[in-house]
Amino acid sequence: MEQTGADSNRRVAGKPRVIVTRHLLPSIEARMEELFDVRLNPADIAMSRDELATAMRECDVLVPTVTDRIDAELLAEAGEQLGLIANFGAGTDHIDLAAAAARKIMVTNTPGVFTDDTADLTMALIIGVPRRLREGTALIRRERWTGWAPSAMLGRKLGGKVLGIVGMGRIGQAVASRARAFGFEIRYHNRHRLPEAVETMFGARFEEDLDRLLAESDIVTLHCPATPQTRGMIDARRIALMKRGAALINTARADLVDYEAMIEALESGHLGGAGLDVFPDEPKVDARLVALPNVIAQPHIGSATVEGREASGEKVIANIRFWADGHRPPDQVLEALVQP
């Protein structure tokens, strides 16, 4: 369902009133100040629910991020003048798209700009977990390294191992491209099978049955959105299907994984390790995960590059300008495209 309507494509007289929920790069904020009647957040403190509600009653355009959960209840309180939610970031599972469409509020995002950045971090975790990079770094920092030895700090080689990719969109494909160079045997699970030419390019084999993919993979990496159908998809039952000693990588959404079941599997040794960039209650991280030597935990930095954040801000600006001029923004989110 397209998010359309009379208010969605209206021309704004004068500068649109824009409220940005988080601090963006200085170059992006400076450009916004030139183009819009903008209220920024230099303190970079996430808005409370009441503050978001107030902002949505006051602005023509809201620029939220993944830290802002905009549900149907909030959208019902929005002012009639709110016509665009110009999300900073590609993911939109924190926005109720159906409720926005019902209010004739257009939603845009910034797709593609973080693909390589997230794939790079994912690959670092795919390498780092089996090669025990966290444990090696800890030995050096604690001055406990006793020198090279034939049987010390043994990890697992990458070449020939099966990498299972769950979600073969932009980021999944970028990971496959990188992983192929390391000699992985690549298998993937996706809503739809990719064209044969694309599979050949990545050396990837489609696996329709997610359970079978998990059972056959040495490392599983997640790259799908959080939807009602995917939330909790990696649960205790499916973790039990994974090979003993397998690793789980999650740079997508914490909602995809039952973290309690994952922690139990890590503590028991069923899972050999995990590489994580997302957590259920950010910025809190379960102390048990921090204590586990076979877990590499990162503070949600998959998209954290200067280049990516600048490109995302530029897309936000372009989307607002198109909308304010009465044209369809280039990155309008179509609700149908994000349904599982």
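In this convention, every chain numbers its residues from 1, walking through the sequence in written order. Totals for whole chains, interfaces and linings use all residues, but because this is a predicted model, local features are given only for residues with pLDDT of at least 70 and pairs of side-chain atoms are given and counted only at 80 or more. Excluded from the side-chain calculation are hydrogens and water; included are all heavy atoms of the structure.

Caption draft 1: Region of interest: the overall build of the protein chain. Here a strand is any run of E in DSSP of at least two residues, a helix any run of H or I of at least four, and the numbering for each starts at the N terminus. A tally of helices and strands in the protein chain yields 14 helices and 12 strands. Its C-alpha atoms give the protein chain a radius of gyration of 22 Å, near enough to 20 Å, the size a compact globule of 340 residues would have. If one aligns the C-alpha atoms of the protein chain with their principal axes, the spans along those axes are about 70 × 50 × 30 Å. In the protein chain, the share of contacts with a sequence separation of at least 24, taken over all contacts with a separation of at least 6, comes to 64%. Of the roughly 16,200 Å² that the protein chain leaves accessible, carbon and sulfur atoms contribute 52%. Positive charge is attributed to Lys and Arg, negative charge to Asp and Glu, and no charge count is given to His or to the chain ends. Every charge is mapped to an atom, namely NZ of Lys, CZ of Arg, CG of Asp or CD of Glu. Between the centroid of the 41 positive side chains of the protein chain and the centroid of its 48 negative side chains there is a distance of 5 Å. It is over C-alpha atoms that the radius of gyration is taken, and the globule rule equals 2.2 Å times the number of residues to the power 0.38. Contact between two residues is taken to exist if any of their heavy atoms lie within 4.5 Å; hydrogens are not considered. The Shrake-Rupley method, run with a 1.4 Å probe, gives the accessible areas here. Residue values count only the displayed protein chains as cover.

Caption draft 2: The arrangement of the pattern of salt bridges in detail. Salt bridge, as used here: a side-chain nitrogen of Lys or Arg that lies within 4 Å of a carboxyl oxygen of Asp or Glu. Under the defined criterion, the tally for this structure stands at 25 salt bridges. One salt bridge in this structure joins D37 and R17, with 3.4 Å as the shortest N-O distance. Of this pair, D37 sits in strand β2 (residues 37-39) while R17 sits in strand β1 (residues 17-20), placing them 20 residues apart in sequence. Here's how the labels work: a residue is buried when its accessible area is under 20% of the maximum for its type, exposed when over 50%, partly exposed in between, all with a 1.4 Å probe on protein chains only. The class of D37 is partly exposed, set by a relative accessible area of 37%. Taken together, the shared-partner salt bridges connect E185, R187, R205 and E216 into one network.

Caption draft 3: Looking closely at empty space enclosed by the protein. Each cavity reported here is a set of points on a 1 Å grid over the protein atoms alone in which a 1.4 Å probe fits but cannot get out, each pocket an open set with protein on both sides within 12 Å along at least five of seven lines, and each lining residue one with an atom within 4 Å of a point. Grid points are joined across faces, edges and corners, and a volume is the space filled by probe spheres set on the points. Under the definition given, this model contains one cavity of 30 Å³ or more. In this model, the largest cavity occupies a volume close to 30 Å³. Taken together, G128, V129, R132, L133, R134, E135, P293, N294 and I296 make up the lining of the largest cavity. The leading source of residues in the lining of the largest cavity is helix α6 (residues 133-141), at three residues. Throughout, the ten residues Ala, Val, Leu, Ile, Met, Phe, Trp, Tyr, Cys and Pro are labelled nonpolar, Asp, Glu, Lys and Arg are labelled charged, and all others, Gly among them, are labelled polar. A per-class count over the lining of the largest cavity returns four nonpolar, two polar and three charged.

Caption draft 4: Layout of helix α2 (residues 49-58). Restricting attention to buried positions, one finds in α2 the residues L52, A53, A55 and M56. Angularly, the buried residues of α2 cover 160° about the axis, an arc narrow enough to put them on a single face. Elements in contact with the buried residues of α2: β1, β2, β3 (61-63) and α3 (72-76). Directions drawn from the helix axis to the C-beta atoms are what define this arc.

Caption draft 5: The UniProt feature "domain: D-isomer specific 2-hydroxyacid dehydrogenase NAD-binding" (unreviewed entry) in the protein chain, seen in detail. Under the local residue numbering, the UniProt record ascribes the feature "domain: D-isomer specific 2-hydroxyacid dehydrogenase NAD-binding" (unreviewed entry) to residues 123-302. Summarising residues 123-302: 34% helix, 17% strand, and an end-to-end C-alpha distance of 11 Å. UniProt positions are given in the numbering used here, feature names are shortened, and annotations may be inferred rather than shown by experiment.

Caption draft 6: Representation of unusual backbone geometry in the model. Omega for the bond connecting E282 with P283 falls within 30 degrees of zero, at 5°, which places this linkage in the cis form. Note on placement: P283 falls in the loop between β11 (271-276) and α12 (287-291). In this structure, D44 is a non-glycine residue whose phi angle is positive, near 60°. By the element assignment, D44 lies in the loop between β2 and α2. Phi at R132 is positive, roughly 60°, even though this residue is not glycine.

Caption draft 7: Up close: the nonpolar core. The definition of a nonpolar core used throughout is a set of buried Ala, Val, Leu, Ile, Met, Phe, Trp, Tyr and Cys residues joined through side-chain atoms within 4.5 Å. Y259, M262 and L289 are the most contacted members of the largest nonpolar core, which has 31 residues in total. When contributions to this core are tallied by element, the ones reaching two or more residues are α9 (210-216), β9 (219-222), β10 (246-250), α11 (259-268) and β11. With six residues, the single largest contributor to this core is α11. If we skip the residues at most four places from it in the chain, Y259 touches N250, A254, L276, V278, F279, P280 and L289. Judged by nonpolar contacts, the second largest core, of 24 residues, contains M123, I126, M168 and F202.

Caption draft 8: A look at the sheet that holds strand β12 (residues 295-297). The pairing criterion is simple: DSSP has to find at least two bridges between the two strands. Spatial strand order, β8-β7-β6-β9-β10-β11-β12: seven strands in an open sheet with parallel pairing. What marks the edges here is a single partner per strand, and that holds for β8 (204-206) and β12. Averaged over all pairs of adjacent strands, the angle between their axes in this sheet comes to 20°, without regard to strand direction. Geometry is summarised by axes, namely lines fitted to C-alpha atoms with helices restricted to the contacting stretch, and by angles between N-to-C directions that run from 0 to 180 degrees.

Caption draft 9: Just the packing of aromatic side chains, in detail. To pair, rings of Phe, Tyr and Trp, with the six-membered ring standing in for Trp, must have centres within 6.5 Å; the planes then decide the type, stacked if under 30 degrees apart, edge-to-face if over 60, and tilted in the middle. Scanning all chains against the criterion turns up two aromatic pairs. Where Y188 meets F206, the ring centres are 5.2 Å apart and the plane angle is 50°; that geometry is what we call tilted. Residue Y188 is located in strand β7 (residues 185-189), and its partner F206 is located in strand β8; the two are separated by 18 residues in the primary sequence. The exposure classification of Y188 matches that of F206, with both residues buried. A centroid spacing of 6.4 Å and a plane angle of 70° characterise the contact between Y259 and F279, whose relative ring orientation is edge-to-face. Pair noted here: Y259 is in helix α11 and F279 is in the loop between β11 and α12, with a separation of 20 residues, a long-range link.

Caption draft 10: View of the confidence of the model for the protein chain. Each residue carries a pLDDT score, the predictor's own confidence in it, on a scale running from 0 to 100. Put simply, the protein chain has an average pLDDT of 94, and 94% of its residues get 70 or more. pLDDT under 50 marks residues 336-340. Its contacts with residues more than four places away, or in other chains, come to 10 contacts.

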